[in-house]
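The primary structure of each chain is shown beneath.
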Amino acid sequence: MLSQQQLKQQAADAALAYIEPMLGADVIIGVGTGSTADLFIDGLARYAGRFRGAVASSVRSAERLAGHGIAVLDLNDVQHMPVYVDGADEIDAGMNMIKGGGGALTREKIVASVADEFVCIADDSKLVRRLGRFPLPVEVIPMAREAVARALRAYGGIPALREGFVTDNGNVILDVSGLEINEPARLEQEINNLPGVVTCGLFALRGANLALLAGSDGVQRLLPGARG
Ligand code: 5RP
């Protein structure tokens, strides 16, 4: 039986095989954050010189990319990005995700929004029937922490401050358990509208376009519309 680390490696390798035909001198790749994204970054190093560079969704990923000699570009200088590759904490058959376990959700959402395609890479333990067992990360401007926490309680959530953690944007994270996520896109919109919320870790308004999920039988490809 393969370890979770080996499965993450398989998913990362599948993503590298998927993006290889897209590479070219002007091509910029969007790169996520987390242990699976790290494996993708390490593999991407093999293709250095065959693409222009990458936009990172965190300081952590930017440093890892730079460590491999991959050019890290400012998103403001990028007009086109064919693909964004990132992990997830949960994904459902509708390609909705919970992200932000690593606290990089806001930059992940921004970089992903610019890409033509979002490719989610994960081991298949991340595939769930319904989102919400993983506490939903919500990035909050510090002065709004308690006000947002009260509002999230009104949704039935139990918010917990991620202790000792500050995002790359200087904000805090509330990890919200107990939410009933029946309509992910609607809840994403509603939480994002709370004053003081920078963004929540629901990626439903813009979900994944392709999921490469590694399991004991190999890597399964999940596409929108192929609800299981
Ligand atoms: C970071 C994320 C990650 O994609 C998510 O936490 C999954 O991480 P890992 O690949 O380590 O399981 O959203 O903010």
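Conventions we followed
Residues numbered from 1 in each chain as written. Predicted model: local features only at pLDDT ≥ 70, side-chain atom pairs only at ≥ 80, totals over all residues. Heavy atoms only, no water. Buried < 20%, exposed > 50% of the residue type's maximum accessible area, 1.4 Å probe, protein only. Helix = DSSP H or I, 4+ residues; strand = E, 2+ residues; numbered from the N terminus. Pairing = 2+ DSSP bridges. pLDDT = per-residue confidence, 0-100. Near = heavy atom within 4 Å. Areas by Shrake-Rupley, 256 points an atom, 1.4 Å probe, with all protein chains shown as cover. Nonpolar A, V, L, I, M, F, W, Y, C, P; charged D, E, K, R; others polar. Phe/Tyr/Trp six-rings, centres within 6.5 Å; stacked < 30°, edge-to-face > 60°. Lys NZ or Arg CZ within 6 Å of the ring centre and 35° of its normal. UniProt positions renumbered as here; feature names shortened; annotations may be inferred. Contact = heavy atoms within 4.5 Å.

Colleague: Please explain the pairing of strand E3 (residues 81-86) as it appears in this structure.
Modeller: A regular strand carries its side chains on alternate faces of the sheet. Of all six residues in E3, six are buried; the element is thus mostly enclosed. With three bridges joining them, strand E1 (residues 28-31) and E3 adopt parallel strand pairing. In the sheet register, isoleucine 29 faces E3, and the bridge partner there is valine 83. For E3 and strand E6 (residues 115-123), the ladder comprises five bridges, and the chain directions are parallel. Bridge assignment links tyrosine 84 to a residue of E6, and that residue is phenylalanine 118.

Colleague: Just to check I follow, could you spell out the confidence of the model for the chain for this structure?
Modeller: Low-confidence regions, as indicated by low pLDDT, have predicted coordinates that should not be scrutinised in detail. Averaged over every residue, the pLDDT of the chain is 97; residues scoring 70 or more account for 99%. Averaged pLDDT values for the elements of the chain fall to 97 in strand E13 (residues 218-222) and rise to 99 in strand E7 (residues 136-140).

Colleague: What am I meant to see in the site of the ligand here?
Modeller: In the vicinity of the ligand, 17 residues are found, and the nearest of them are Ser35, Thr36, Asp89, Gly100 and Lys126. Protein chains shield 91% of the accessible area of the ligand, which is 380 Å² for the free molecule. Residues of the shell around the ligand, tallied by class, amount to two nonpolar, nine polar and six charged.

Colleague: Just to check I follow, could you spell out the packing of aromatic side chains for this structure?
Modeller: Geometry of an aromatic ring pair is reported as the spacing of the ring centres plus the angle between the planes. Using the criterion set out here, one finds two aromatic pairs in the structure. Here the aromatic rings of tyrosine 84 and phenylalanine 118 are separated by 5.1 Å at their centres, their planes lie at 75°, and the arrangement is edge-to-face. Pair noted here: tyrosine 84 is in strand E3 and phenylalanine 118 is in strand E6, with a separation of 34 residues, a long-range link. Ring plane angle 80° and centroid distance 6.3 Å describe the contact between phenylalanine 118 and phenylalanine 203, whose orientation is recorded as edge-to-face. With phenylalanine 118 in strand E6 and phenylalanine 203 in strand E11 (residues 202-203), this pair connects stretches of sequence that are 85 residues apart. Judged on exposure class, the residue phenylalanine 118 and its partner phenylalanine 203 are both buried. Aromatic ring contacts, followed pair by pair, group Tyr84, Phe118 and Phe203 into a single cluster. Between lysine 99 and the ring centre of phenylalanine 203, over which it is positioned, the NZ or CZ distance is 5.6 Å. Across from the ring centre of phenylalanine 203, 4.9 Å away, lies the NZ or CZ of lysine 109, which sits over that ring.

Colleague: When you look at the UniProt feature "active site" (unreviewed entry) in the chain in this model, what are you seeing that I'm missing?
Modeller: Using the residue numbers shown here, the UniProt feature "active site" (unreviewed entry) corresponds to Glu108. Considering the arrangement of structural elements, one finds glutamate 108 in helix H4 (residues 105-114). A relative accessible area of 3% means that glutamate 108 is categorised as buried. Other than its neighbours up to four places away in sequence, glutamate 108 contacts Thr33, Ser57, Tyr84, Asp86, Lys99, Gly100 and Phe203.

Colleague: Explain the pairing of E13 to me, please; I cannot follow it from the model alone.
Modeller: In this sheet, E13 lies alongside strand E12 (residues 210-215) in antiparallel orientation, the contact comprising five bridges. Its bridge partner lying in E13, leucine 212 is registered against arginine 221. The turn linking E12 back onto E13 is made up of two residues.

Colleague: Can you walk me through unusual backbone geometry in this structure?
Modeller: Excluding glycine, a negative phi dihedral is what most residues carry, and trans is how most peptide bonds are arranged. The phi angle at methionine 95 is positive, at roughly 70°, despite the residue not being glycine. If you trace the backbone, methionine 95 turns up in the loop between strand E4 (90-91) and strand E5 (97-98).

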